[in-house]
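Structure assessment
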Amino acid sequence: MKQRKMLALTLYQLGQLYRHELPELVAAAEASGDAVQFRRRLGEWVSRSESAQGDAGEQIRLLIDYDGREVDELSTGERMPVRTLTLLWQFLTGCLENVEMRTDLFIDLFYLFKRLGGAELPPLSMQRVRIRSERWPSGLDAEVREIRADNRERMLHLLVQKIENRKSTPSRFRFAEGMSYEDKYRQVAIWWNDFRFHLAMAVKSPSELNRFLGNSLSAETMYLLSKARKKGMPFFATPYYLSLLDVTGKGYGDEAIRSYILYSPQLVETYGSIRAWEKEDVVEAGKPNAAGWLLPDGHNIHRRYPEVAILIPDTMGRACGGLCASCQRMYDFQSERLNFEFESLRPKESWDHKLRRLMTYFEEDTQLRDILITGGDALMSQNKTLHNILEAVYRMACRKRKANDGRPDGEKYAELQRVRLGSRLPAYLPMRIDDGLVEVLREFKQKASAVGVRQFIIQTHFQSPLEVTPEAQEAIRRILAAGWLVTNQLVYTVAASRRGHTTRLRQVLNALGVVCYYTFSVKGFQENYAVFTPNSRSLQEQHEEKIYGRLTPEQAGELDAELEKGGDTAERLRRFMKRHRLPFLATDRSVLNLPAIGKSMSFRLVGITPEGRRILRFDHDRTRRHSPIIDRMGEIYIVENKSLAAYLRQLENMGEDADDYASIWNYTHGETEPRFGLYVYPDFPFGVTGRVSNLELE
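Residues numbered from 1 in each chain as written. Predicted model: local features only at pLDDT ≥ 70, side-chain atom pairs only at ≥ 80, totals over all residues. Heavy atoms only, no water.

As annotated in an unreviewed UniProt entry, the protein chain carries the name KamA family protein and comes from Alistipes finegoldii.

Below, the structure is given as structure tokens:
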């Protein structure tokens, strides 16, 4: 049966389908007086099945084992009953308590039981994957650039009007008296290439957004954005990023970009009561975080692993070049620790003193060897401020290395090996990568390389090949020329999860010298309902699309060696792919950020809620070290916030063919992919102490 038809069935029609396609299952339900007997009969049926020893049989056994139990859902901290097969028994015997239940649970179970009979839905063929990938344009395509040139032309006129009408305009971007309109237009066209101009002229209200988008927003969208503004939700979009949208609706599908700017009803509704998904980010003075790490006072350091910690400076780095609707730090924007009030975010006189204290934390920790400076956005800090931060990091690395001279082998502390700057500005505002910034990066690399730092990475976030513009291409070229690598993290939203979209993004980025790092599942809270993609789709992409760029161990080792050489990284990647006939490089890992214990995609399906949402039992990523707290946590359960059926309907509403995704029902368990060599910490030429500092386990 076609997926579209399946997704539209009523409960009655679905019941008839069960009777026709799964008569033995229906008979087992009707012969059972209650759910307990039904589970027992199911167990006997599974044992008789030809697939009993395979994955399909193991999956049904898990559902039998968990039915009637309660689990602790990690993200909410709530006890959740598991009634998957109990509800199926009620459905098949006509005893459903809620006769208006959605069909999503029973559609999912239908496919799980069909697999037991050997009816597994086939994956998409390589040819279909290629066809689906080729349909996605990039921002480097001539047709796309032509549409955006028209957008820029329209916006330049609007910016002239905006400057003329502003009561207080930054002196840097003010018209001189007596300038003609033509002169003003030419001046704004010059300012367009200055990132500070876009920050100063950023759109901050729904009405202005609509004006800059050619009054193309619907009344429904405008109402929602106005409601968000009344609730105090920040809004910030630069003219450059808005120019990437297609306001005609005829040029290219810009949903992956648009869903980052326009808020969903669920996000607006929950704003004000959003909870922190990353529980380790909630810090009380003097107490360990949820991962067991003791941190300095304040909210400057976030940590979940022994080797790495995040530094969020008290600078303009707490701001962003725009607010992503699916941002994992929406909780911090809600609490106003992150915002767009640039003047208030400029570093205070006390920041230098605090920075020294924060560096002492890294210096005196026995295991830290990797610092990720982010925010907000690390590159929102001014060049001078960023230079000062990196200089403090360099001096810390020097002191830590010198202190090791006095420690015996086996008791030495881990030294700094990796420095990363987290930034979305190469996509949001690529003009930020200016000569001054490039010089800061080049100078730091030269000095830090001499004291043992081996990796220098700008960790960025391109969401769509449409974000890869000529300006972004130049920004990437400049970063690579400074000797830093560029890695990309993709958030796997619904728009980004469409068939071939991520494959195309990898192709475009790899050709420019960018190495893909992570493909993140969206956090599962209700505010992200509109953009949440079930983890089964991540697995489907991994096994049916990303597989065509997978490297052999020998190829991975060769590529890792190529990246260590430096030089023209883009040319090295292009030659490597051509030599091995690879369409792209599958160096990224698909993961979900689990609260308190880090990233993983190792899970089993153990139940499904009445709404059809899958209940997943997660294990931590066993390819890397964790806080010892994971040994005390027991089994970890996460409930997804959207059913597979609801996800497929959403894709259909975006113009996708649900049959392209039919095999998604097969993916009920995952294993975290191995890390690409670039992301594995190098060995030290000495023995590091096994003692873990700054850790307190209750």
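And the narrative resumes.
1. Overview of helix α9 (residues 142–165)
Helix length check: α9, at 24 residues, gives a terminal C-alpha distance of 35 Å against a target of 34 Å (1.5 Å per residue), a fit within 8%. All buried positions along α9 are accounted for by Val-144, Arg-148, Asn-151, Met-155, Leu-156, Leu-158, Leu-159, Val-160, Lys-162 and Ile-163. Buried residues along α9 sit against α10 (181–191), α11 (195–200), α12 (206–212), α14 (239–242) and α15 (255–261). (Helix = DSSP H or I, 4+ residues; strand = E, 2+ residues; numbered from the N terminus. Expected span 1.5 Å × (residues − 1). Buried < 20%, exposed > 50% of the residue type's maximum accessible area, 1.4 Å probe, protein only. Contact = heavy atoms within 4.5 Å.)

2. A look at the nonpolar core
Grouped together as the largest cluster of nonpolar side chains are 128 residues, with contacts concentrated most on Leu-209, Leu-242, Tyr-263, Leu-421 and Trp-484. For this core, the element with the most residues is helix α20 (residues 383–404), which contributes 8 residues. Sequence-distant contacts of Trp-484, defined by excluding residues within four places in its chain, comprise Val-419, Leu-421, Leu-441, Arg-442, Phe-444, Lys-445, Phe-456, Ile-457, Ile-458 and Ile-479. (Core = buried A, V, L, I, M, F, W, Y, C linked by side-chain atoms within 4.5 Å.)

3. Brief notes about the packing of aromatic side chains
One pass over the structure, following the stated rule, counts 23 aromatic pairs. Ring plane angle 70° and centroid distance 5.2 Å describe the contact between Phe-173 and Phe-197, whose orientation is recorded as edge-to-face. Of this pair, Phe-173 sits in the loop between α9 and α10 while Phe-197 sits in helix α11; the two residues are 24 residues apart in sequence, bridging distant segments of the chain. Judged by relative accessible area, which is 2%, Phe-173 ranks as buried. Judged by its relative accessible area of 0%, Phe-197 is buried. Measuring from ring centre to ring centre gives 5.7 Å for Trp-191 and Phe-197, while their planes differ by 35°; the resulting arrangement is tilted. No difference in accessibility class separates Trp-191 from Phe-197, as the two residues are buried. Counting every residue linked through ring pairs, the aromatic cluster contains Tyr-18, Phe-91, Phe-106, Phe-110, Tyr-111 and Trp-665. Note that Arg-407 overlies the ring of Tyr-413, its terminal NZ or CZ placed 3.5 Å from the centroid. (Phe/Tyr/Trp six-rings, centres within 6.5 Å; stacked < 30°, edge-to-face > 60°. Lys NZ or Arg CZ within 6 Å of the ring centre and 35° of its normal.)

4. Some remarks on the environment of Glu-58
Relative to the helices and strands, Glu-58 resides in helix α5 (residues 55–66). Taking the relative accessible area as the measure of exposure, Glu-58 reaches 35% and is therefore partly exposed. Considered as a pair, Glu-58 and Val-46 are 12 residues apart in the sequence and their alpha carbons are 8.8 Å apart.

5. What about the environment of Ile-312?
In this structure, Ile-312 sits in the loop between β4 (308–311) and α17 (330–334). As a C-alpha pair, Ile-312 and Asn-300 span 12 residues in sequence and 4.7 Å in three-dimensional space.

6. Let's talk about the pairing of strand β2 (residues 78–81)
Here is the key point about a regular strand: its side chains alternate between the two faces of the sheet. Strand direction decides the pairing type here: strand β1 (residues 70–73) and β2, joined by 4 bridges, are antiparallel. When the bridges of β2 are listed, Asp-72 appears paired with Arg-79. Linking β1 back to β2 in an antiparallel pair, the connection comprises 4 residues, with Gly-77 at a positive phi of about 75°. (Pairing = 2+ DSSP bridges.)

7. Brief notes about a negative patch on the surface
The grouping of Glu-143, Glu-146, Asp-150 and Glu-153 at the surface amounts to a negative patch. Mapped onto the elements of the fold, Glu-146 is located in helix α9. For Glu-146, a relative accessible area of 55% translates into the label exposed. (Patch = residues over 30% accessible without salt bridge, like charges linked within 9 Å, V, L, I, M, F, W, Y side chains within 5 Å. Areas by Shrake-Rupley, 256 points an atom, 1.4 Å probe, with all protein chains shown as cover. Salt bridge = Lys/Arg side-chain N within 4 Å of Asp/Glu carboxyl O. Lys, Arg positive; Asp, Glu negative; His and termini not counted. Charge placed at Lys NZ, Arg CZ, Asp CG, Glu CD.)

8. What about the sheet that holds strand β3 (residues 301–303)?
Pairing is mixed across the open sheet formed by 9 strands, whose spatial order is β3-β4-β5-β6-β7-β8-β9-β10-β11. Since the sheet does not close on itself, it has two edges, and those belong to β3 and β11 (598–600), each with one partner. Across the sheet, the mean angle from the axis of one strand to that of its neighbour is 30°, orientation sign disregarded. Two elements, strand β8 (residues 485–491) and strand β9 (residues 515–520), share 5 bridges in a ladder whose sense is parallel. Note that in β9 the partner of Thr-487 across the bridge is Val-515. (Axes fitted to C-alpha atoms, helices over the stretch in contact; angles between N-to-C directions.)

9. Some thoughts on unusual backbone geometry
Backbone torsion omega between Gly-375 and Gly-376 reads 25°, so that peptide bond is classified as cis. We note that Asn-215 has phi near 55°; this positive angle belongs to a residue other than glycine. With respect to the helices and strands, Asn-215 occurs in the loop between α12 and α13 (219–230). Note on Asn-215: relative accessible area 58%, which makes it exposed. A positive phi angle, near 55°, is found at Asn-694, a position not held by glycine. Note on placement: Asn-694 falls in the segment after β15 (669–670). On the basis of relative accessible area, Asn-694 is assigned to the partly exposed category, the value being 25%.

10. Regarding the pattern of salt bridges
Per the counting criterion, the structure on display carries 59 salt bridges. A salt bridge links Asp-67 to Arg-39, with the shortest nitrogen-to-oxygen separation between them at 2.7 Å. Taken as a pair, Asp-67 in the loop between α5 and β1 and Arg-39 in helix α4 (residues 35–48) lie far apart in primary sequence, 28 residues in all. Each member of the pair Asp-67 and Arg-39 is classed as buried. For Glu-284, the salt bridge is made with Lys-287, and the minimal N-O distance between the two is 3.3 Å.

11. Observations regarding the packing of helix α3 (residues 23–30) against α4
Where α3 contacts α4, the two axes come as close as 9 Å, and the packing angle between them is 150°. Between α3 and α4, the angle falls in the class roughly antiparallel. Classified by chirality, the crossing of α4 by α3 is right-handed. Contacts between α3 and α4 pair Glu-24, Leu-25, Ala-28 and Ala-29 from the former with Phe-38, Arg-41, Leu-42, Trp-45 and Arg-48 from the latter. (Parallel < 35°, antiparallel > 145°, perpendicular 65-115°, else oblique. Left-handed = near helix turned anticlockwise from the far one by under 90°.)

12. Observations regarding the packing of α20 against helix α22 (residues 435–449)
Put simply, α20 and α22 touch, their axes get as near as 10 Å, and they point 10° apart. Of the possible angle classes, the one that applies to α20 and α22 is roughly parallel. Here Asn-383, Leu-386, His-387, Leu-390, Glu-391, Val-393 and Tyr-394 of α20 lie close against α22, whose contacting residues are Gly-436, Leu-437, Val-440, Glu-443, Phe-444, Lys-447 and Ala-448. For the contact of α20 with α22, a count of residues per class yields 8 nonpolar, 3 polar and 3 charged. (Nonpolar A, V, L, I, M, F, W, Y, C, P; charged D, E, K, R; others polar.)

13. Focus: the environment of Ser-602
Along the chain, the position of Ser-602 falls in strand β12 (residues 602–608). Given a relative accessible area of 10%, Ser-602 falls into the buried group. Considering only alpha carbons, one finds Ser-602 and Tyr-66, 536 residues apart in sequence, at a separation of 18 Å. Among all residues touching Ser-602, those that are not within four sequence positions of it are Arg-617, Phe-618, Asp-619, Gly-670, Glu-671 and Thr-672.

14. Structural notes on the pairing of β9
Burial analysis of β9 places 6 of its 6 residues in the buried class, which makes it a mostly covered element. Pairing of β9 with strand β10 (residues 589–594), which is carried by 3 bridges, proceeds in the parallel orientation. Paired with Tyr-518 across the two strands is Arg-589, which belongs to β10.

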